[in-house]
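Coordinates in review
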Amino acid sequence: MEYRKTKDQENYEDASQKDIESLRWTPLSGVVTNSMPSSVGGSNKSSWKLKSIVTLALTLLTSSQAILIVWSKRAGKYEYSVTTANFSVEALKCALSLSALARIWKSQGVTEDNKLSTSFDEVSVYPIPAILYLIKNLLQYYIFAYVDAPAYQILKNLNIISTGVLYRIILKKKLSEIQWAAFILLCAGSDHVLQTPLPGWVMAIVMALLSGFAGVYTEAIIKKRPSRNINVQNFWLYIFGMVFNLIAICIQDYDEVMNKGFFHGYSFITVCMIVNHALSGIAVSMVMKYADNIVKVYSTSVAMLLTAVVSVFLFGFHLSLAFFLGSTVVSISIYLHSIGKPQPQK
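Residues numbered from 1 in each chain as written. Predicted model: local features only at pLDDT ≥ 70, side-chain atom pairs only at ≥ 80, totals over all residues. Heavy atoms only, no water.

Test applied: UniProt positions are given in the numbering used here, feature names are shortened, and annotations may be inferred rather than shown by experiment.
As annotated in an unreviewed UniProt entry, the chain carries the name CMP-sialic acid transporter 2 isoform X3 and is attributed to Phoenix dactylifera. What UniProt states about the chain under its Subcellular location (unreviewed entry) heading is, verbatim, "Membrane".

Now the structure itself:
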């Protein structure tokens with residue numbers, strides 16, 4: 001099945017970006033592939049529907065990430081090893097990607113675009129984002145010593161600035177003045193995060209920089225070969241993620257894992273958290289392949305609202321007036337970004 005974007009959707013991008021975005025897309029595999037329509041007619045509508053579904057799924061998954069991390073604590077601490085949890089996430093994502101590839105190989109055969117090439121030129125680009133994601137993912141566990149789930153979601157909005165800047169530098173994508181204003185507005189939070197201790201702010205800033213650079217870098221890799229099957233690209237990213245997380249286990253938790261076992265302290269909530277993180281990672285890559293990293297950023301921002309609502313019932317979070325005002329600013333910024341695309345030069 002083939003999908004093609006209309007030129008009207010991307011006419012504000014430069015010529016090179018148009019060439020990339022107008023290339024025919026290879027179909028998603030696994031669960032997402034099965035949801036694709038069987039007819040070619042209405043492909044633009046179908047591709048928009050597909051991106052909307054993936055973005056919605058990413059929003060729901062992202063909103064529950066912080067909640068599950070906090071919920072997995074017992075007496076205010078993690079009884080499981082966070083490095084083994086991260087390794088489990090990468091292993092599950094790798095298994096899902098390989099399973100999806102196996103289904104494609106069975107139905108379509110092995111082609112140049114879906115085979116697991118081991119050439120140096122292809123695999124050498126994945127260690128950088130893998131190690132950036134490793135550090136960022138480990139930090140997200142420790143930051144909850146200083147913030148609660150809603151405040152964490154607000155602080156994550158700091159990556160909007162880093163993403164916007166890196167998006168312009170690395171992908172050469174022009175952003176309008178309105179979009180830059182939307183980025184700044186979206187970073188406006190509530191008074192709740194002002195109570196965050198300095199270590200929490202430092203972790204949030206580092207996470208924002210790592211997340212922004214890793215996200216844009218990964219998107220550049222994925223879109224460099226738009227015909228390449230997304231599951232192949234995911235597979236190599238997750239393989240390196242497993243390798244680096246294994247090193248982290250040996251450095252940080254080797255004695256504990258050897259004495260108590262790899263899955264010591266795991267609970268049902270921990271397992272749900274791992275599954276959630278794995279599906280979120282795959283959803284992010286789908287958004288990067290079929291939309292862009294800015295969509296991922298705004299999914300995270302909308303998730304802030306959902307996290308706050310759920311936290312009211314689970315953790316007794318207090319929804320203040322300032323928080324609602326911040327939420328309104330988020331909604332306005334999303335609207336500004338949607339209408340703020342640069343106009344094509346005549």
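**Some points on the overall build of the chain**
For clarity, the cut-off: Secondary structure follows DSSP: runs of H or I at least 4 residues long count as helices, runs of E at least 2 residues long count as strands, and numbering of each begins at the N terminus. Think of it in three bands: with a 1.4 Å probe and only protein chains considered, a residue is buried below 20% of the maximum accessible area for its type, exposed above 50%, and partly exposed in between. Contact definition: two residues touch when any of their heavy atoms are within 4.5 Å. Only the protein chains shown count as cover for residues, and the accessible areas themselves come from Shrake-Rupley with a 1.4 Å probe.
What the chain contains, in helices and strands, is 15 helices and 0 strands. Within the chain, buried positions represent 52% of all 346 residues. Long-range contacts, defined as pairs at least 24 residues apart, comprise 85% of the intrachain contacts of the chain with a sequence gap of at least 6. Carbon and sulfur atoms make up 67% of the accessible area of the chain, which totals about 16400 Å².

**Some details on the packing of aromatic side chains**
Counted only if it meets this: What counts as a ring pair is set by centres within 6.5 Å for rings of Phe, Tyr and Trp (its six-membered ring), and what kind of pair is set by the plane angle: stacked under 30 degrees, edge-to-face over 60, tilted for all other angles.
Scanning the model with the defined rule gives 8 aromatic pairs in all. Ring centres of Tyr 78 and Tyr 141 lie 5.7 Å apart, and the angle between their planes is 85 degrees; this geometry places the pair in the edge-to-face category. Placement of the pair is Tyr 78 in the loop between helix H3 (43–71) and helix H4 (82–108) and Tyr 141 in helix H6 (residues 127–142), with a sequence separation of 63 residues. A residue is classified by how much of its surface remains accessible, and Tyr 78, at 18% relative accessible area, is buried.

**Here's the deal with the nonpolar core**
Short version of the rule: By convention a nonpolar core is built from buried Ala, Val, Leu, Ile, Met, Phe, Trp, Tyr and Cys residues, the set being connected through side-chain atoms within 4.5 Å.
With 59 residues, the main nonpolar core has Tyr 80, Tyr 141, Ile 143, Phe 144 and Met 273 as its most contacted residues. At the level of secondary structure, the elements contributing two or more residues to this core comprise H3, H4, H6, helix H7 (149–155), helix H10 (198–224), helix H11 (230–252) and helix H13 (268–290). Here the element with the most residues in this core is H11; it accounts for 11 residues. Setting aside anything within four residues of it in sequence, one finds Tyr 80 in contact with Ser 72, Ala 85, Tyr 141, His 264, Gly 265, Tyr 266, Thr 270 and Met 273.

**Quick notes on the UniProt feature "transmembrane region" (unreviewed entry) in the chain**
Under the present numbering, the feature "transmembrane region" (unreviewed entry) in UniProt falls on residues 53–71, 201–222, 234–254, 266–288, 295–315 and 321–340. Measuring from the first to the last C-alpha atom of residues 201–222 gives 31 Å, for a span that is 100% helix and 0% strand. Between the end C-alpha atoms of residues 234–254 the distance is 27 Å, and the span holds 95% helix and 0% strand.

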